[in-house]
Amino acid sequence: MKKDNFFKINKICCIGAGYVGGPTMAVIAKMCRDLEITIVDLDKNKIDLWNSEKLDELPVFEPGLCEIINECRGKNLSFSTNIKEAIESSQMIFIAVNTPTKESGIGAGEASDLGYVESCARDISLYAKDNTIVIEKSTIPVKTADIINKILNCSSSDRKFHILSNPEFLSEGSAIQDLLKPNRVLIGGDNEKAVDGLANIYNRWIDNKKIIKTNVWSAELSKLTSNAFLAQRISSINTISAICEKTGANINEVSKSIGLDKRIGKYFLQHGPGFGGSCFKKDILNLIYISKFYGLPEVAEYWEKVLDINNWQKKRISRIVVNNLFGTLKNKKIAILGFAFKAETNDTRESSAIDICKDLLEEGAYLSIYDPKVDFEKISQELLPNENLINDNMNILSAKTIAMAVDDADAVIILTEWDEFKDICWNDFSEIMRKPSWLFDCRDVIQLNSIDKGKINLWKCGYSI
Ligand code: NAD
Ligand code: UDX
């Protein structure tokens, strides 16, 4: 066994060039210029975009990302589809592939589909030439390291693999800042030297006190728990938004009042159209599955409620729109402002806009959708995944400007909190809308006193107006 070079790390590979792999490795490359980092992916089209000269074509939009790519790409950061070569030459390999909810078979609709993670483990087992530290960056169910371990350590070769859990806590839209200044880095592992090998990389720019070392299972479970607790807060505040609308209590005053209690804290108390994104729903479903798997149905039911409330909030909004537009949306144009699941990202996965738009389409509405970072192809894939001739569908149009979306619309629905939606003069815009015109502010971006009553009817989530 080549013990000497086991923890000497100069080449890193990351499998998965998505929303996590791309930004995470870019930041490591920026902060550790002596490390050579290769990000690999099966998706050639994605890798081509990462390698594109045009930085506005990167597959992931994140503030600050293209500057880092520009700084490091071609120096100590590269993107490739050659998985074999990258694995062969790396001493440390991150697995940052997708772990979606299983669509069929045992646990369908709840359990994680670990097929992509398994495939990475098999590739590593096949191609790794030497002792290797393998890091779970993907979010996975507790005990997944056991599966990876079984695949990696079943061959008769004298290579040794150490599996660490190093879950990623970045939020899209602020990923670069989250990676540069994380509130903690979690490393789970039972081999002290391997854990230190990874800790020493983070330690180049992150204080030791913020690097938490645990056993593998705690690290795996902490990630699911963290997302479940965050999502739970959003569902909680959204239930209160509905009470505010009925009673005249002001949701922002309530959030502020409770958030000032340090035990509660002020973050993640923003009401809205329900949480979206690729993580919360998937990870709570995973927690629900694990709870059932370990014979804890009450625990499963508890977390199911967080998802139920999220669905209820989206349905509640669709219903409010339909009711205010006299119970039907047939032949009515609705402008949708914002399709991404939050501001500052081009990601639409599980965006609340998808379910709300689908409800409105079902009611016969004609939707004109504007989002500054999401193109029509993505919107139509989300709304009409099975249709090939998207352009023939006359009920959805992508608007190039806010004005085009709003022109002749009966109603506008704000579904993402992009900054450019905050300063729109609705008194002027109401002139180009059909009367009576409605503005549904689901993200609390409109100042109440900026609207002249009589020009446009305003509904604001969490307010009784
Ligand atoms: P993503 O879909 O954007 O990227 C995953 C990439 O992995 C894809 O490009 C896919 O082609 C590639 N891939 C899949 N199998 C592969 C294989 N065998 N070999 C090479 N490439 C392969 O996903 P993401 O949003 O980056 O999430 C990745 C993981 O990180 C998930 O487990 C997710 O739960 C977790 N996570 C995501 C976020 C987030 O904000 N998106 C935050 C923290 C953790
Ligand atoms: C989340 C976790 O925050 C992050 O730590 C984890 O690594 C990945 O999952 P992300 O999904 O990128 O990050 O974004 P986040 O900021 O958590 O927002 C998720 C959803 O919740 C968005 O739709 C957002 O609009 C919504 N949200 C967030 C609220 O409705 N209210 C809030 O107060 C915060």
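Here, every reference points to the structure presented above.
All chains use their own residue numbering, which begins from 1 and follows the written sequence. To label them, take the chains in the order written and letter them from A, then take the ligands in the order written and number them from 1. Side-chain atom pairs in this predicted model are given and counted only at pLDDT of 80 or more, local residue features only at pLDDT of at least 70, and totals for whole chains, interfaces and linings cover all residues. Values shown for side chains rest on all heavy atoms present in the structure; no hydrogens or waters enter the calculation.

Undergrad: Help me out: how do you make sense of the site of ligand 1 in this one?
TA: For each residue, the test is whether any non-hydrogen atom lies within 4 Å of the molecule or strand; if one does, the residue is near. The environment of ligand 1 is made up of 27 residues, and the closest members are Asp41, Lys46, Thr99, Glu172 and Lys282. Within 3.5 Å is the distance limit for a polar contact, defined as a pair of N or O atoms, with the added protein rule that one can donate a hydrogen and the other accept it, and that residues adjacent in sequence qualify only through two side-chain atoms. Within the backbone of Tyr19, one N or O atom sits 3.0 Å away from an oxygen atom of ligand 1. Contact between ligand 1 and Lys282: an oxygen atom at 2.6 Å from a side-chain N or O atom of the residue. Accessible areas in this description were obtained via Shrake-Rupley with a 1.4 Å probe; residue shielding takes into account the shown protein chains only. If ligand 1 stood free it would expose 830 Å²; the protein chains cover 93% of that surface.

Undergrad: Would you explain a nonpolar patch on the surface in this entry?
TA: A cluster of nonpolar side chains, namely Phe293, Tyr294, Leu296 and Val299, defines an oily patch on the protein surface of about 390 Å² accessible area. Assignment of secondary structure puts Phe293 in helix α11 (residues 280-293). Distance thresholds for patches are 9 Å for like charges and 5 Å for nonpolar side chains (Val, Leu, Ile, Met, Phe, Trp, Tyr), applied to residues having over 30% relative accessible area and no salt bridge. Think of a salt bridge as a Lys or Arg side-chain nitrogen and an Asp or Glu carboxyl oxygen that are within 4 Å of each other. A run of DSSP states H or I qualifies as a helix once it reaches four residues; a run of E qualifies as a strand once it reaches two. Both are numbered from the N-terminal end.

Undergrad: Quick question: what am I supposed to make of the site of ligand 2 here?
TA: Taken together, 19 residues are adjacent to ligand 2, and Leu170, Glu172, Lys223, Gln270 and Lys342 come closest. Glu172 is positioned with one of its backbone polar atoms (N or O) 2.7 Å from an oxygen atom of ligand 2. Backbone polar atom of Phe341 to an oxygen atom of ligand 2: 2.8 Å apart, as the coordinates give it. Taking 650 Å² as the accessible area of ligand 2 by itself, protein coverage stands at 91%. Three residue categories are used. Nonpolar comprises Ala, Val, Leu, Ile, Met, Phe, Trp, Tyr, Cys and Pro, charged comprises Asp, Glu, Lys and Arg, and polar comprises the others, including Gly. Of the residues contributing to the shell around ligand 2, the split by class is 10 nonpolar, 4 polar and 5 charged.

Undergrad: Mind showing me how you'd approach the state of the cysteines here?
TA: Disulfide: a covalent bond formed between the sulfur atoms of two cysteine residues. What counts as a disulfide here is a pair of cysteine sulfur atoms lying within 2.5 Å. According to the stated counting rule, one finds 0 disulfides in the structure shown. The thiol of Cys72 is unpaired, and the distance to the nearest cysteine sulfur, on Cys32, comes to 10 Å. Between Cys279, a cysteine without a disulfide, and Cys14, which holds the nearest cysteine sulfur, the sulfur-to-sulfur distance is 15 Å.

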